[in-house]
Amino acid sequence: MTQVDTADVTGTAGTADRAGTAGATVAAGVRRVIRAGLRPDPWKRGPFLAALALLLGLTLLLHASIPNRIGNLGSLVETFLPWLGLFVPVLLAGALWRRSASAVVALLLPVTVWLNLFGGLLGDRSHPGGDLTVASHNVGAGNPDPAGTARALAASGADVLALEELTPRDRGTYEKGLAKTYPHHTVRGTVGLWSRLPLSDTRPVDIQTDVGPLADTKPAADRMADNRALRTTVATDHGPLAVYVAHLGSARVNPRSGFWTDSRDRNAKALGEAVAAEPNERMVLLGDLNGTLDDRAFDGITSRLHSVQDAAGDAFGFTWPASFPVARIDQILVRGVEPRSARVLPSTGSDHLPVVASIDW
């Protein structure tokens, strides 16, 4: 006859009882949540918070439809579009404090839209390797240490280096500091390009920097001094690469006029036309565009070129202001080549951070 160990039976029964108790507790908790959700009070609380959550979601979703007629509001919102996500935890805290079910559910809209727009930028998308490394830096007209900036850039490992906001006072310092690393260079007005590889077919690019009745009366030398864009060809082992360097007009927030971007938008349109007319399929655009690529003002450029930072960078890669970066206005855009990596370099004496990227053929 088989004997049954009563201790085993008791232990098994105890385990079953505990499992049953745990299951009952979970079931009771679920029932409480369901009953709470079915009660009208949590859905009536916080209507203002729910409305704000929906407004935030619609702003993110329909940002391209926000008109620019009043204070250039659409471009201003798009410039800082990723930062709108900071309102989500604020609204969530308010919804939880008010115990508002409607506000919590309404927050699903901005969360979903924000992740769709920017979720892919949260991680590191870079890959090893790269046939050519390019870099760009607005060195700052008021840079207190141009020689130190030149040394830092020479040590960056870039094969091709674009500089913006060069001044007549500091131009010689950069030429001297970069000469050993970069045997080839060209400067047109306030922008320049330094390269380890030969350059050819260099010319200024008319981005409508100076317009109006008086512009045509200026001598050519004066117009060249204010030039803010150039185009050249870099001779690589894989064939010619068209390289553009540009520094678009500034953007300003003014209490009277709102977000003022007239000169920048005019420059962006002209640069987009130049890019569209470029016959070389392989090209790189380097420069300070004074705006983020979410801004509709750059549609003529972004429809033909794509950001190396977006494709192969680490997070958002903000570059300005250098002391506390909140926006990426310094860009590296390409077509006809494969982005491998992109990163932001440490601060120099400029109010912008340098950017660098590696590309493959």
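Residues numbered from 1 in each chain as written. Predicted model: local features only at pLDDT ≥ 70, side-chain atom pairs only at ≥ 80, totals over all residues. Heavy atoms only, no water.

Draft legend 1. Examining the overall build of the chain more closely. Summing up its helical and strand segments, the chain has 13 helices and 14 strands in all. Within the chain, contacts between residues at least 6 apart in sequence are counted, and of these 71% link residues at least 24 apart. If you sum the accessible surface of the chain, you get close to 18,400 Å²; carbon and sulfur atoms cover 60% of it. (Helix = DSSP H or I, 4+ residues; strand = E, 2+ residues; numbered from the N terminus. Contact = heavy atoms within 4.5 Å. Areas by Shrake-Rupley, 256 points an atom, 1.4 Å probe, with all protein chains shown as cover.)

Draft legend 2. Quick look at the sheet that holds strand β5 (residues 199-204). One open sheet accounts for 6 strands, arranged β5-β6-β7-β10-β12-β11; its pairing is mixed. In this open sheet, the two edge strands, each paired with only one partner strand, are β5 and β11 (306-307). The sheet contact formed by strand β6 (residues 229-236) and strand β7 (residues 239-247) spans 8 bridges and is antiparallel. Counted as the bridge partner of Ala229 is Ala246 from β7. (Pairing = 2+ DSSP bridges.)

Draft legend 3. Representation of the packing of helix α3 (residues 47-61) against helix α7 (residues 108-118). Viewed as axis vectors pointing N to C, α3 and α7 meet at an angle of 25°, and their least axial separation amounts to 8 Å. As far as their axial angle goes, α7 and α3 are roughly parallel. Seen along the crossing, α3 lies across α7 with a hand that is left-handed. Residue-level contacts link Ala53, Leu54, Leu56, Gly57, Leu58, Leu60 and Leu61 of α3 to Leu109, Pro110, Val113, Trp114 and Leu117 of α7. Counted by class, the contact of α3 with α7 contains 11 nonpolar, 1 polar and no charged residues. (Axes fitted to C-alpha atoms, helices over the stretch in contact; angles between N-to-C directions. Parallel < 35°, antiparallel > 145°, perpendicular 65-115°, else oblique. Left-handed = near helix turned anticlockwise from the far one by under 90°. Nonpolar A, V, L, I, M, F, W, Y, C, P; charged D, E, K, R; others polar.)

Draft legend 4. Highlighting a nonpolar patch on the surface. Together, Trp43, Val105 and Leu108 make up an exposed nonpolar region whose accessible area comes to about 300 Å². Mapped onto the secondary structure, Leu108 falls in helix α7. (Patch = residues over 30% accessible without salt bridge, like charges linked within 9 Å, V, L, I, M, F, W, Y side chains within 5 Å. Salt bridge = Lys/Arg side-chain N within 4 Å of Asp/Glu carboxyl O.)

Draft legend 5. Inspection of the packing of helix α8 (residues 146-154) against helix α9 (residues 168-178) at higher detail. Here α8 crosses α9 at 35°, and the two axes come no closer than 9 Å. Here α8 runs over α9; the crossing is right-handed. Along its contact with α8, which presents Pro146, Ala147, Thr149, Ala150, Leu153 and Ala154, the element α9 presents Asp170, Thr173, Tyr174, Gly177 and Leu178. Considered class by class, the residues forming the contact of α8 with α9 number 7 nonpolar, 3 polar and 1 charged.

Draft legend 6. The arrangement of the packing of aromatic side chains in detail. Within the structure shown, the criterion is met by 5 aromatic pairs. Here the aromatic rings of Trp83 and Phe318 are separated by 5.6 Å at their centres, their planes lie at 25°, and the arrangement is stacked. Of this pair, Trp83 sits in the loop between α4 (73-79) and α5 (87-98) while Phe318 sits in the loop between α13 (308-312) and β12 (330-335); the two residues are 235 residues apart in sequence, bridging distant segments of the chain. Geometrically, the ring pair formed by Phe316 and Phe318 is stacked, given 5.4 Å between the ring centres and 20° between the ring planes. Relative accessible area serves as the criterion here: at 18%, Phe316 is assigned to the buried category. Taken together, the ring pairs connect Trp83, Trp114, Phe118, Phe316 and Phe318 into an aromatic cluster. (Phe/Tyr/Trp six-rings, centres within 6.5 Å; stacked < 30°, edge-to-face > 60°. Buried < 20%, exposed > 50% of the residue type's maximum accessible area, 1.4 Å probe, protein only.)

Draft legend 7. The arrangement of α3 in detail. The terminal C-alpha atoms of α3, which comprises 15 residues, lie 21 Å apart, in line with the 21 Å expected from a rise of 1.5 Å per residue. When α3 is considered as a whole, its buried residues turn out to be Leu49, Ala50, Ala53, Leu56, Gly57 and Leu60. Projected down its long axis, α3 shows its buried positions confined to an angular sector of 120°, all on one face. Facing away from the buried side of α3 by over 90 degrees, the exposed positions are Pro47, Phe48 and Leu55. On the buried face of α3, the contacting elements are α5, α6 (101-106) and α7. (Expected span 1.5 Å × (residues − 1). Arc of directions from axis to C-beta.)

Draft legend 8. Fine view of the sheet that holds strand β2 (residues 160-164). Read from one edge of the open sheet, 6 strands run β3-β4-β2-β1-β14-β13, paired in mixed fashion. Each of the sheet's edge strands pairs with one partner strand only, and the pair in question is β3 (184-188) and β13 (338-344). Going from strand to strand, the sheet's axes swing by 15° on average, the running direction of each strand aside. Where β2 lies against strand β4 (residues 191-195), 5 bridges are found, and the strand directions are antiparallel. The residue bridging Val160 from the neighbouring strand is Ser195, located in β4.

Draft legend 9. Looking closely at the pairing of strand β10 (residues 283-288). β10 sits mainly inside the fold: 6 of its 6 residues count as buried. Strand direction decides the pairing type here: β7 and β10, joined by 6 bridges, are parallel. Bridge pairing in β10 links His247 to Asp288. Of the pairings in the sheet, the one linking β10 to β12 comprises 6 bridges and is antiparallel in character. Its bridge partner being in β12, Asp288 is matched across the sheet by Asp330.

Draft legend 10. Inspection of the pairing of β7 at higher detail. A large share of β7 lies buried, amounting to 7 of its 9 residues. Remark: 2 residues form the turn of the hairpin made by β6 and β7, two consecutive strands paired antiparallel.

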